[in-house]
Amino acid sequence: MKKTPPRKPASRSSKPVAHHAHMRHADKVARPTAVESDPLYIVRRSRIHGRGVHAARRIRSGTRIVEYVGQRISHAEADARYEAKLKDDGHTFLFVVDDEICIDAGIDGNAARYINHTCDPNCETVIQGRRVFIEAIRTIQPGQELGYDYQLTWDSTDDPAELALYACRCGAAQCRGTMLDSEPLDKARKRKAAAKRKRAATRLKAAGKSGGVRKA
Ligand SMILES: [Zn+2]
């Protein structure tokens, strides 16, 4: 039998609210919105890994479910923080926003950090105004776990033992066996640089044909 917790006494403080000078005040206190009183998701144990985020009710495809929040830090800071944590259990809370900023959801993060990777995602991540949002790409039924493809960045020179920590056990038929991006970062950079050189060469060639140097 479940124990019923003792009822909390009505929280009516007998103390008057202390007066503090120089504090900003809001104009009014809003009632909880529909979303707050009827949440889209709950965090509970996952079949994939640790804790996971599950639909609390039906979520339609295209719904913006939650923002990925946390401390916004530079890539250098992110490297410094997690370089030393090689014996990590494969849980990473870092999200790359762009070439300058990462979000470390290990600090000031919300439920979004518990959304697991899956190779058969029902969600995707969208960057808008340098913020990260998680949106449904399919209709998700109540109780189903939310997941998206982490596409974790890696280099071909990384220690294979370390990369093995990011093995995927999502159980999807098309599971690729890893949470890592299909292409290492260094190779992707080389490929992009080569493509850029090629485009530049083509432009030069075209400019040559049309008579060369552009006049100022
Ligand atoms: Zn998988």
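These notes cover the structure that comes with them. Computed from a predicted structure; not experimentally measured.

## Quick notes on the sheet that holds strand β9 (residues 131-136)
Spatial ordering of the open sheet is given by β3-β9-β8, a layout of three strands whose pairing is antiparallel. Of all strands in the sheet, those bounded by a partner on one side alone are β3 (64-68) and β8 (123-128). Within the sheet, the average angular offset between the axes of one strand and its neighbour, ignoring direction, is 30 degrees. In this structure, β8 lies alongside β9, joined through six bridges in antiparallel fashion. Bridging across to β9, C123 finds its partner in A136.

## Focus on the coordination of the zinc ion
Only C119 (SG), C168 (SG), C170 (SG) and C175 (SG) from the protein coordinate the zinc ion, and they sit 2.3 to 2.4 Å from it. Note that the zinc ion binds four donor atoms; their angles at the metal cover 102 to 113 degrees, and the shape is tetrahedral. We note that the donor set of the zinc ion lies within a single chain, spaced as C-x48-C-x1-C-x4-C. Using a relative accessible area of 26% as the deciding quantity, one classes C175 as partly exposed.

## Topic: the pattern of salt bridges
One pass over the full model with this rule turns up nine salt bridges. With a shortest N-O distance of 2.8 Å, R81 and D104 are connected by a salt bridge. One end of the pair, R81, is in helix α2 (residues 75-83); the other, D104, is in strand β6 (residues 101-104), and 23 residues separate them in sequence. Judged by relative accessible area, which is 1%, D104 ranks as buried. Where R130 meets E100, a salt bridge forms, and the shortest distance between an N and an O atom there is 3.0 Å. With R130 in the loop between β8 and β9 and E100 in the loop between β5 (94-96) and β6, this pair connects stretches of sequence that are 30 residues apart. Look at R130 and you get partly exposed, because its relative accessible area is 36%. It is possible to trace a salt-bridge network through shared partners that takes in E77, R81 and D104.

## A short note on the nonpolar core
Core analysis: the biggest nonpolar cluster contains 34 residues, and I59, I65, Y68, I134, I140, L146 and Y148 have the highest contact counts within it. Of all the elements in the fold, those that place two or more residues in this core are β2 (51-55), β3, β6 and β9. Look past the residues within four positions of I59 in its chain and what remains in contact with it is L40, I65, A136, R138, T139, I140 and L146.

## What about the packing of aromatic side chains?
Per the stated rule, a full pass over the model turns up four aromatic pairs. Their ring planes at 90 degrees and their centres at 6.4 Å tell us that F93 and Y114 sit as a pair that is edge-to-face. Here F93 is found in the loop between α2 and β5, whereas its partner Y114 is found in the loop between β6 and β7 (116-117), with 21 residues between them in sequence. For the residue pair F93 and Y114, the accessibility class agrees, reading buried in each case. Relative to Y148, the ring of F95 lies with its centre 6.5 Å away and its plane at 45 degrees, an arrangement referred to as tilted.

## Observations concerning unusual backbone geometry
Although it is not a glycine, R130 sits at a positive phi angle of roughly 60 degrees. Despite not being glycine, Q151 has its phi angle at roughly 50 degrees, a positive value. Following the sequence through the fold, Q151 ends up in the loop between β10 (147-148) and α3 (160-163). Judged by its relative accessible area of 44%, Q151 falls in the partly exposed class.

Conventions used here
- Residues numbered from 1 in each chain as written.
- Predicted model: local features only at pLDDT ≥ 70, side-chain atom pairs only at ≥ 80, totals over all residues.
- Heavy atoms only, no water.
- Pairing = 2+ DSSP bridges.
- Helix = DSSP H or I, 4+ residues; strand = E, 2+ residues; numbered from the N terminus.
- Axes fitted to C-alpha atoms, helices over the stretch in contact; angles between N-to-C directions.
- Donors = N, O, S within 2.8 Å, 3.2 Å for Na, K, Ca; no water.
- Tetrahedral: all angles 85-135°; square planar, octahedral: opposite > 155°, others 65-115°.
- Buried < 20%, exposed > 50% of the residue type's maximum accessible area, 1.4 Å probe, protein only.
- Salt bridge = Lys/Arg side-chain N within 4 Å of Asp/Glu carboxyl O.
- Core = buried A, V, L, I, M, F, W, Y, C linked by side-chain atoms within 4.5 Å.
- Contact = heavy atoms within 4.5 Å.
- Phe/Tyr/Trp six-rings, centres within 6.5 Å; stacked < 30°, edge-to-face > 60°.

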